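Read off the chains here:
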Amino acid sequence: MTPLLFLSGWAAMVAALMVPVTLPVAVAVWRGHQGPPPREIYLGLWWAGYLGVWMAAGLSVWATRDLWPAGAGALLPAGLYQLTPLKHACLRRCRAPLATVQTFYRPGSAAAVWFGVRYAGFCLGCCWALMAAMMLVSAMGSWVLVALATVTVLERLLPARQAHRLGVAAGLAGVLAGVTGLVVRL
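Since the model is a prediction, treat every value here as computed from it, not as a measurement.

J.: Give a detailed account of the overall build of the protein chain, specifying residues and quantitative values.
T.: Counting secondary structure elements, the protein chain contains 9 helices and 0 strands. Listing the helices and strands of the protein chain from first to last along the sequence gives α-α-α-α-α-α-α-α-α. Put simply, the protein chain has 186 residues, and 45% of those count as buried. Long-range pairs, those at least 24 residues apart, make up 78% of the contacts in the protein chain between residues at least 6 apart in sequence. Carbon and sulfur atoms form 73% of the exposed surface of the protein chain, whose accessible area is close to 9,300 Å².

So this is what it looks like as structure tokens:
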């Protein structure tokens with residue numbers, strides 16, 4: 001698979017999964033804008049920073065794809081990451097977009113890009129493993145993609161306790177599927 005083809009799929013996945021749940025942040029950035037440049041430019045700079053981080057992450061997934069286990073084995077690292085404190089810390093910040101805006105928002109064009117990069121870092125920290133697994137196990141069938149996408153979105157939209165339980169359950173399921181996939185290949 002060429003990097004351009006991979007990044008096209010990655011961009012579509014980011015648009016489908018991340019843009020809808022970041023709309024509260026975009027609205028807060030829009031409302032918080034003061035002075036030149038026009039709001040549209042400022043919001044565009046925020047999106048450029050945000051999407052730039054996700055595209056860089058996509059390139060790193062593509063570049064390291066041969067290091068990941070194939071098929072169901074790709075679910076193992078994703079499942080393990082679901083259980084880490086780093087994943088949960090990023091998810092807490094990502095799930096509180098208004099608090100994140102209040103904490104990190106600064107006026108100015110460069111600050112808009114930096115805020116987009118910073119917020120994308122939190123989102124990336126909570127979702128990268130599931131999204132990488134989606135791209136790497138796509139040959140397993142659409143039901144796997146739908147399941148991983150559902151977990152990715154629900155973790156950000158459900159109440160915190162339910163989202164945590166779902167994340168742990170998804171992590172354990174990923175570990176089990178990954179180990180099973182690796183054992184079957186042997």
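J.: Help me get a handle on helix α4 (residues 75-82), residues and values and all.
T.: Here α4 lies mainly inside the structure; 6 of its 8 residues are buried. Of the positions making up α4, those classed as buried are Leu75, Leu76, Ala78, Gly79, Tyr81 and Gln82.

J.: Before we move on, can you summarise the nonpolar core with the specific residues and values?
T.: Judged by nonpolar contacts, the single largest core of 51 residues is most densely connected at Trp10, Met18, Trp46, Tyr50, Trp54, Met131 and Leu148. Where this core is concerned, the elements lending two or more residues are α1 (3-17), α2 (23-32), α3 (39-63), α4, α5 (85-94), α6 (97-104), α7 (109-136) and α8 (142-157). When residues in this core are grouped by element, the largest group, 15 residues, is from α7. When near neighbours in sequence (up to four residues on either side) are disregarded, Trp54 contacts Trp10, Val14, Met18, Ala120, Cys123, Leu124, Cys127, Trp128 and Met131.

J.: Run through the packing of α5 against α7, naming residues and quoting values.
T.: Two elements in contact, α5 and α7, have axes whose closest approach is 7 Å; the angle formed by their N-to-C orientations is 130°. Here α5 lies oblique to α7, going by the angle between them. Considering the relative orientation of α5 and α7, their crossing is left-handed. Residues Lys87, Cys90, Leu91, Arg93 and Cys94 of α5 form the contact with α7, whose participating residues are Tyr119, Phe122, Cys123, Gly125 and Cys126. Tallied by class, the residues present in the contact of α5 with α7 amount to 7 nonpolar, 1 polar and 2 charged.

Conventions adopted
Residues numbered from 1 in each chain as written. Predicted model: local features only at pLDDT ≥ 70, side-chain atom pairs only at ≥ 80, totals over all residues. Heavy atoms only, no water. Helix = DSSP H or I, 4+ residues; strand = E, 2+ residues; numbered from the N terminus. Buried < 20%, exposed > 50% of the residue type's maximum accessible area, 1.4 Å probe, protein only. Contact = heavy atoms within 4.5 Å. Areas by Shrake-Rupley, 256 points an atom, 1.4 Å probe, with all protein chains shown as cover. Core = buried A, V, L, I, M, F, W, Y, C linked by side-chain atoms within 4.5 Å. Axes fitted to C-alpha atoms, helices over the stretch in contact; angles between N-to-C directions. Parallel < 35°, antiparallel > 145°, perpendicular 65-115°, else oblique. Left-handed = near helix turned anticlockwise from the far one by under 90°. Nonpolar A, V, L, I, M, F, W, Y, C, P; charged D, E, K, R; others polar.

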